[in-house]
Amino acid sequence: MITKEKTPPFDLEGYLTDGVEAIVKDALRATLKDPRESAFMARYALASKTAAKRRAQAAAQGEHIPPFLIASITSSCNLHCAGCYARHNHACIDGGVPDQLTGEEWTAIFQEARELGISFILLAGGEPLLRRDVLEAAGDFPEILFPVFTNGTMLDEAYTTLFHRCRNLIPVLSIEGQQAETDARRGNGVYQALLSAMDRMAEHHLLFGASVTVTRDNLPGVTSRTFLDQLEKRGCKVVFYVEYVPVEEASRDLAPQDPDRELLRQSLDELRQESPDMLFLSFPGDEKNAGGCLAAGRGFFHINAQGGAEPCPFSPYSDCNVKELSLRGALASPLFAALQESHMLLEDHAGGCVLFERREDVERLAKNGRD
């Protein structure tokens, strides 16, 4: 009897690390005439290897340090996008939630992350460009790469200057496809604002990426060569595909289903072969292919604007706060331990996030951790 060989798990960390190194080397070649920029690129390549060694040393002592952290540095946003999960969940409100972390507190978090060997900190919101103080603080940690997930509408010349000075800050612009899809979700004029921001990035030879919320409606368009060629020609180097999380029953049909996820997986396989100079990342698709959800410290965790340590942005439950303990302490929280010990992170899901599907169970575990 012939048995079919199992496809090996997708090495998400390796793909991202190798891809970033390749992009850094490409940028290094492009900036040889600028000694300051070349020096930064060379230092970052070395720092990335040093961080990996620190994580390996911790693992040898029985402590797992994830390479990624997601930091929602503000709960405020200047847009009201249709179907926004953060607004539906009240994690993003006009004026922001009270008691948000200060710039000094975020600086302390970045310092400990560097010491632990965390290589990538994704800055999110709300709209992170509303917290220039935090972005400037992040720029002082060239050993860490900070993708900044922004709607792009506030990316003016002043921010372009900051991104030019701090090359470890990588703008990731949210776009839904072409103009009709983008403006329908984000507001009239947003698409043109994004194109202007991309052109400004290209003019200054700045690395940037794009983030696409994937629905059943826009999946064919946002994985097409036409769409991606437009991004690549403008200088985009990374594309994040994030499955839409239905915020209410009426929008559940927009969430990708198994056939759609298979189409996305096949498209990514082809894109990674056809465009080796770009990075293509899919969440949670790549996580599933890498052996299950990477939240709750398996591969990353989330700190919200008030300091709560959560499994991920789509699972906003916490039993501890980094105002009261260290990142290392947060990683050892009862909630994270319970999730890692359960089979929940390995389960399939119906829309966007397994922990979102099991939110009542996660909330119960968080409550038990606080009691």
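Right above here is the structure, for reference.
### Remarks on the packing of aromatic side chains
- Here the structure, examined in full by the defined rule, presents seven aromatic pairs.
- The interplanar angle of 25 degrees and the centroid separation of 6.0 Å between the aromatic rings of Y159 and F163 together place this pair among those described as stacked. Here F163 and Y159 lie together in helix 6 (residues 157–165), a separation of four residues that amounts to about one turn. As far as burial versus exposure is concerned, Y159 and F163 are alike and both buried.
- Taken together, a centroid distance of 5.9 Å and an interplanar angle of 70 degrees make the contact between F301 and F336 edge-to-face. Of this pair, F301 sits in the loop between helix 12 (285–289) and strand 8 (302–303) while F336 sits in helix 14 (residues 334–341), and the two are 35 residues apart along the sequence.
- When its relative accessible area of 0% is taken as the criterion, F336 is described as buried.

### A word on the side chain of S318
- Inspection of the secondary structure assignment puts S318 in the loop between strand 9 (309–310) and helix 13 (327–331).
- Using a relative accessible area of 15% as the deciding quantity, one classes S318 as buried.
- A polar contact of 2.8 Å, which involves the side chain of S318, links it to the backbone oxygen of A309.
- Looking at S318, its side chain comes within polar contact range of the main-chain oxygen of C320, at 2.6 Å.
- Each residue touching S318, except ones within four places of it in the same chain, is listed here: G308, A309, E310, L335, A366 and R370.

### Here we look at helix 10 (residues 225–233)
- Where helix 10 is concerned, the buried positions are F227, L228 and L231. Axial view of helix 10: buried residues confined to an arc of 90 degrees, hence all on one face. Away from its buried face by more than 90 degrees, helix 10 exposes T226 and K233.
- Check the buried side of helix 10 and you find it contacts helix 8 (190–203), strand 5 (208–214), helix 9 (219–222), strand 6 (236–243), helix 11 (258–274) and strand 7 (279–283).
- Looking one or two residues past helix 10, G235 carries a phi angle of roughly 105 degrees, positive in sign.

### A few points about helix 7 (residues 179–186)
- Taken together, the buried positions of helix 7 are T182, D183, R185 and R186.
- Buried residues along helix 7 sit against strand 4 (169–174), helix 8 and strand 5.
- G187 sits one or two positions beyond helix 7 and adopts a positive phi of about 120 degrees.

### Remarks on the pairing of strand 2 (residues 120–124)
- For strand 2, a buried count of five out of five residues is recorded, marking the element as mostly surrounded by other parts of the structure.
- Residue alternation in strand 2 divides its side chains into two sets, F120, L122 and A124 and I121 and L123, and both sets are buried.
- Bridge count for strand 1 (residues 68–72) against strand 2 is five bridges, and the pairing is parallel. Among the inter-strand pairings, S72 is bridged to a residue of strand 2, identified as A124.

Procedures and definitions
By convention here, each chain's residues receive numbers from 1 onward along its written sequence. Restriction of local features to residues with pLDDT of at least 70 applies here, the model being predicted, together with a cutoff of 80 or more for giving and counting side-chain atom pairs; totals for whole chains, interfaces and linings are based on all residues. Each side-chain value is worked out from all heavy atoms of the structure, with water and hydrogens disregarded. Only Phe, Tyr and Trp rings are paired, with Trp represented by its six-membered ring, and only when their centres lie within 6.5 Å; those with planes under 30 degrees apart are stacked, over 60 edge-to-face, the remainder tilted. Helical segments are the DSSP runs of H or I of at least four residues, strand segments are the runs of E of at least two, and each set is numbered from the N terminus. Buried means the residue's accessible area, taken with a 1.4 Å probe over protein chains only, is under 20% of the maximum for its type, while exposed means over 50%, and partly exposed covers the values in between. Identification of polar contacts relies on pairs of N or O atoms within 3.5 Å, with a donor-acceptor requirement for protein atoms, meaning one able to donate a hydrogen and the other able to accept it, and with residues adjacent in sequence counted only if both atoms are side-chain atoms. The contact definition used throughout considers only heavy atoms, calling two residues in contact when any of these lie within 4.5 Å. Read the arc as the range of directions from the helix axis to the C-beta atoms. Any two strands with at least two DSSP bridges between them are considered paired.

In short, shape yes, function no, at least from these values alone.
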